Amino acid sequence: MIVLGVDPGLANLGLGLVEGDVRKARHLHHVCLTTESAWLMPRRLQYLHSEVSRLLAEYRPDAVAIEDQVLRRQADVAFKVGQAFGVVQLACAQAGVPIYAYGPMQVKRSLVGTGRADKEQVIYMVKAALGIRELFNNHAADALALALTHLAHQPMQAAARRLVRA
C-alpha cells in the first residue's frame, strides 16, 4: 500500500509518501511546498493543487492521510489553512484517491504511544520507522507521520469495511 500523508498549510504544506504496511514501511518521498505571502491567493492555491496533483499522478497512492482540521485561535489562519485543506481534497477527489483524516493526538498516540508526545519524539519515531537519518522539514515530518498512522490504522479500517459489507 502506498500512502500520501499531508500536513495542510497555505505557507507550508508538508507531503510525505510511504509504502508498505504497519510492520515494514518504506520512505518514498517527502517535500514541503512553500508559497510566498506576496503571491495572490489564487496563485498560491493553484500551485498547491498542481503539485499535489502531480505527486498523486506520479506515485498513485492507495490512500491519503491528512491532518484533521483543528480549531485555531486566529480565524484568518484557520481560513487560510482551510483553503489549502480544500485544495488537497479537490486534487484527491479528481484523482479518485480516498482521504482519511487523523487528529494530532491520534498521530502522536500511534507513533509514540501517547497523545502528549512532543514534536521531537514524533520526528524521532518517523526517522526510526523509515530508516531516515537526514534532518528534514517539520511539515514533511508531520506528513510522513500521518502516512505511518494510516498504515497502522488501515488493517482495522479494512476489517470494519468487511463487517459492514457482510
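Note that the coordinates shown come from a computational prediction; the quantities given were computed from them, not determined experimentally.

Novice: Pulling in residues and values, what's your account of the overall build of the protein?
Specialist: From N to C terminus, the protein includes 5 helices and 5 strands. Order of helices (α) and strands (β) in the protein, N terminus to C terminus: β-β-β-α-β-α-β-α-α-α. When the 166 residues of the protein are sorted by exposure, 42% land in the buried category. Carbon and sulfur atoms form 54% of the exposed surface of the protein, whose accessible area is close to 9,200 Å².

Novice: Can you tell me about the packing of aromatic side chains, naming the residues and giving the values?
Specialist: When we look at a pair of aromatic rings, we describe it by the centre distance and by the angle of the planes. One pass over the full model with this rule turns up 1 aromatic pair. When the centroid spacing of 5.7 Å and the interplanar angle of 80° are considered together, the rings of Trp39 and Tyr47 count as edge-to-face.

Novice: I'd like to hear about the pattern of salt bridges, residue by residue, with values.
Specialist: All told, the structure shown has 4 salt bridges when counted by the stated rule. A salt bridge links Arg54 to Glu51; the nearest nitrogen and oxygen atoms lie 3.1 Å apart. Of this pair, Arg54 and Glu51 are both found in helix α1 (residues 41-59), 3 residues apart, which corresponds to roughly one turn of the helix. Residue Glu58 is joined to Arg54 by a salt bridge in which the shortest nitrogen-to-oxygen separation is 3.1 Å.

Novice: Let's hear about the environment of Asp118: which residues, and what values?
Specialist: Of note, Asp118 is situated in the loop between α3 (104-112) and α4 (119-130). By relative accessible area, Asp118 is classed as partly exposed at 39%. C-alpha of Asp118 to C-alpha of Lys108: the two residues are 10 residues apart in sequence and 8.1 Å apart in space. A distance of 3.2 Å separates a polar side-chain atom of Asp118 from the backbone nitrogen of Glu120.

Novice: How would you summarise the sheet that holds strand β4 (residues 63-67) if you had to cite specific residues and measurements?
Specialist: With mixed pairing, the 5 strands of this open sheet are ordered in space as β3-β2-β1-β4-β5. The outermost strands of the open sheet, each flanked by one partner alone, are β3 (25-34) and β5 (99-102). Across the sheet, the mean angle from the axis of one strand to that of its neighbour is 20°, orientation sign disregarded. Here strand β2 (residues 12-20) pairs with β3 via 9 bridges, running antiparallel. Residue pairing across strands places Asn12 opposite Thr34, the latter belonging to β3.

The rules behind each value
- Residues numbered from 1 in each chain as written.
- Predicted model: local features only at pLDDT ≥ 70, side-chain atom pairs only at ≥ 80, totals over all residues.
- Heavy atoms only, no water.
- Helix = DSSP H or I, 4+ residues; strand = E, 2+ residues; numbered from the N terminus.
- Buried < 20%, exposed > 50% of the residue type's maximum accessible area, 1.4 Å probe, protein only.
- Areas by Shrake-Rupley, 256 points an atom, 1.4 Å probe, with all protein chains shown as cover.
- Phe/Tyr/Trp six-rings, centres within 6.5 Å; stacked < 30°, edge-to-face > 60°.
- Salt bridge = Lys/Arg side-chain N within 4 Å of Asp/Glu carboxyl O.
- Polar contact = N/O pair within 3.5 Å; in protein donor to acceptor, adjacent residues only side chain to side chain.
- Pairing = 2+ DSSP bridges.
- Axes fitted to C-alpha atoms, helices over the stretch in contact; angles between N-to-C directions.

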